[in-house]
Amino acid sequence: MKRKTTQKEAMRDVFRQLDRPLGIEEILKAGRERVPALNLATVYRNVKLFLEEGWLVRFNHPTLGTLYERTGKDHHHHFYCRICERVFELPGCALNEKQATPEGFVTESHEIFLSGVCMSCSSHVLEGQCEV
Ligand SMILES: [Zn+2]
Ligand SMILES: [Zn+2]
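Since this is a predicted model, take the numbers as computed values, not measurements. (Residues numbered from 1 in each chain as written. Chains lettered and ligands numbered in written order. Predicted model: local features only at pLDDT ≥ 70, side-chain atom pairs only at ≥ 80, totals over all residues. Heavy atoms only, no water.)

**Observations concerning the packing of aromatic side chains**
Move 1: Taken as a whole and judged by the stated rule, the model has two aromatic pairs.
Move 2: Where Phe15 meets Trp55, the ring centres are 6.1 Å apart and the plane angle is 85°; that geometry is what we call edge-to-face. Within this pair, whereas Phe15 is found in helix α1 (residues 2–18), its partner Trp55 is found in the loop between α3 (40–53) and β1 (56–61), the two being separated by 40 residues in sequence.
Move 3: When its relative accessible area of 1% is taken as the criterion, Phe15 is described as buried.
Move 4: Three or more aromatic residues joined by ring pairs make a cluster, and in this case those are Phe15, Phe50 and Trp55. (Phe/Tyr/Trp six-rings, centres within 6.5 Å; stacked < 30°, edge-to-face > 60°. Helix = DSSP H or I, 4+ residues; strand = E, 2+ residues; numbered from the N terminus. Buried < 20%, exposed > 50% of the residue type's maximum accessible area, 1.4 Å probe, protein only.)

**As for the nonpolar core**
Move 1: In this structure, Met11, Phe15, Ile27, Val43, Val47, Leu56 and Tyr68 are the most contacted members of the largest nonpolar core, which totals 15 residues.
Move 2: Listing elements by their share of this core, those giving two or more residues are α1, α2 (24–34) and α3.
Move 3: It is α2 that contributes the most residues to this core, four residues altogether.
Move 4: Those residues in contact with Phe15 that lie beyond four places of it in its chain are Arg20, Leu22, Ile27, Trp55, Leu56, Tyr68, Glu69 and Arg70. (Core = buried A, V, L, I, M, F, W, Y, C linked by side-chain atoms within 4.5 Å. Contact = heavy atoms within 4.5 Å.)

**Brief notes about the coordination of the zinc ion (ligand 2)**
Move 1: Surrounding the zinc ion (ligand 2) are the protein donor atoms His75 (NE2), His77 (NE2), Cys93 (SG) and His110 (NE2), which sit 1.9 to 2.3 Å from the metal.
Move 2: Classification of the site at the zinc ion (ligand 2) rests on its four donor atoms, whose angles at the metal span 102 to 115°, yielding the label tetrahedral.
Move 3: On the primary sequence, the residues serving as donors to the zinc ion (ligand 2) are separated as H-x1-H-x15-C-x16-H. In this pair, His77 is assigned in strand β3 (residues 76–81) and Cys93 in the loop between β4 (87–91) and α4 (97–100), connecting sequence segments 16 residues apart.
Move 4: Of the residues examined, His77 reaches a relative accessible area of 6% and is grouped as buried. (Donors = N, O, S within 2.8 Å, 3.2 Å for Na, K, Ca; no water. Tetrahedral: all angles 85-135°; square planar, octahedral: opposite > 155°, others 65-115°.)

**Structural notes on empty space enclosed by the protein**
Move 1: Inspection of the entire model under this criterion finds one cavity of 30 Å³ or more.
Move 2: Looking at the largest cavity, its volume works out to about 40 Å³.
Move 3: Taken together, Phe15, Asp19, Arg20, Glu69, Arg70, Lys73 and Glu89 make up the lining of the largest cavity. (1 Å grid on protein atoms, 1.4 Å probe; cavity = no way out; pocket = protein on both sides within 12 Å on 5 of 7 lines; lining within 4 Å. Points joined across faces, edges and corners; volume = space filled by probe spheres on them.)

Honestly, it's all geometry; don't read function into it.
Next comes the structure, spelled out in structure tokens:
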């Protein structure tokens, strides 16, 4: 019983420390750095509990598929880095729904996914390329 709690806490730590949306494999990898005995079944089981508790929310990313993130954040969008394949949160929203919507349509929600190269990858990998 105590061991399960430890693994669950390790998974919460992963979300708190990385502070970005994560897929199952990433949760497993980062969780194992904290608790080496962590396995895929436990990750799935705890993610399910976190969803039921309302601590995590699930969304579908067009490139990576199912990702999980902490609840309670303001409206925001996601940036996918094609080099490190991480997804980052972009706080706020630059879309004016009224301007983006044709006459006669009523927008009730929207999703925007941005992709490209993140700050750390653009400084390491693309050094010297001026178009980025
Ligand atoms: Zn990157
Ligand atoms: Zn938005």
